[in-house]
Amino acid sequence: MRILAGKWKAKELTTHEGRGTTRPTTSRIRESMMSMCAHQCNLSFSACAVLDAFAGSGALGFELLSRGAAHLTAVEKNRTSFACLLANARNLHATSQEAQLICGDIFAPALYTRFAQPANLIVLDPPYAMSAAEISKLLAQFAECGVCAPSALIMYEHSRNEPLACADNAPYSLELLSEKSHGQTYMSLYRYTSHAQQ
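Residues numbered from 1 in each chain as written. Predicted model: local features only at pLDDT ≥ 70, side-chain atom pairs only at ≥ 80, totals over all residues. Heavy atoms only, no water.

## Remarks on the overall build of the chain
And step 1. Each helix and strand in the chain was counted, giving four helices and seven strands.
And step 2. Starting at the N terminus and walking to the C terminus, you meet the elements of the chain as α-β-α-β-α-β-β-α-β-β-β.
And step 3. What you see for the chain is a C-alpha radius of gyration of 15 Å, in line with the 16 Å of a compact globule of 198 residues.
And step 4. If you sum the accessible surface of the chain, you get close to 9300 Å²; carbon and sulfur atoms cover 49% of it.
And step 5. Of the charged side chains in the chain, 17 are positive and 16 negative, and the gap between their average positions amounts to 7 Å. (Helix = DSSP H or I, 4+ residues; strand = E, 2+ residues; numbered from the N terminus. Rg over C-alpha atoms; globule rule 2.2 N^0.38 Å. Areas by Shrake-Rupley, 256 points an atom, 1.4 Å probe, with all protein chains shown as cover. Lys, Arg positive; Asp, Glu negative; His and termini not counted. Charge placed at Lys NZ, Arg CZ, Asp CG, Glu CD.)

## Details of the environment of Pro118
And step 1. Mapped onto the secondary structure, Pro118 falls in the loop between β3 (99-103) and β4 (119-124).
And step 2. In this structure, the C-alpha to C-alpha distance between Pro118 and Met1, residues 117 residues apart in sequence, is 29 Å.
And step 3. Discounting residues that sit within four places of it in the chain, Pro118 has contacts with Ala49, Gly146, Val147, Cys148 and Ala149. (Contact = heavy atoms within 4.5 Å.)

## Brief notes about helix α2 (residues 59-66)
Three or four residues apart is the spacing at which side chains of an α-helix point the same way, because the helix has 3.6 residues per turn.
And step 1. A large share of α2 lies buried, amounting to eight of its eight residues.
And step 2. Downstream of α2 by one or two residues, Gly68 has phi in the positive range, about 110 degrees. (Buried < 20%, exposed > 50% of the residue type's maximum accessible area, 1.4 Å probe, protein only.)

## What about the sheet that holds strand β2 (residues 71-76)?
And step 1. With respect to topology, seven strands assemble into an open sheet ordered β3-β2-β1-β4-β5-β7-β6, the strand pairing being mixed. Of all the strands in the sheet, just β3 and β6 (172-182) have a single pairing partner and so form its edges. Between one strand axis and the next, the sheet turns by 15 degrees as a mean value, whatever way the strands run.
And step 2. With eight bridges connecting them, strand β5 (residues 148-159) and strand β7 (residues 185-194) associate as antiparallel partners. Note that in β7 the partner of Ile154 across the bridge is Tyr190. (Pairing = 2+ DSSP bridges. Axes fitted to C-alpha atoms, helices over the stretch in contact; angles between N-to-C directions.)

Structure follows, in structure tokens:
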């Protein structure tokens, strides 16, 4: 796998894919995701503080950094995948000022106190086994803990039957901005608004 564009274009990434648990993000899907986000960011990622909540080897987060994102916080629970994440950061010469890498469970609110800043672009590429209901719970935690900047963008990669739904009493709201599909893989871009601290 390689970085597709930007300052690290064509640089190779080490990957770790757990059989039956991860959703490999192909180059075609990554490019579609970047295009969707860039359109909403006026073609520039320079103001983006990115949170890659299920970072894996870091392909999505590092792609955004390569294309000019201001900061990346990448969280990965699996230690083998986290080792790949660290190796890729070293190989790309990503600095600690631009990339914050955390080994931990994104569902643990105590982890959020370590985040350098609120995110205004959140990438959600969860394992296959994780349901949309679990992701909705995570977004509620984000709202209650102030993880996201106002009017943040959320890029969600999911299967056909797992779109996000927002409960009536949820501490946040979602506005679907765009959606694309490649086979059974869907990419949905949302505007996320927290109501918990308003």
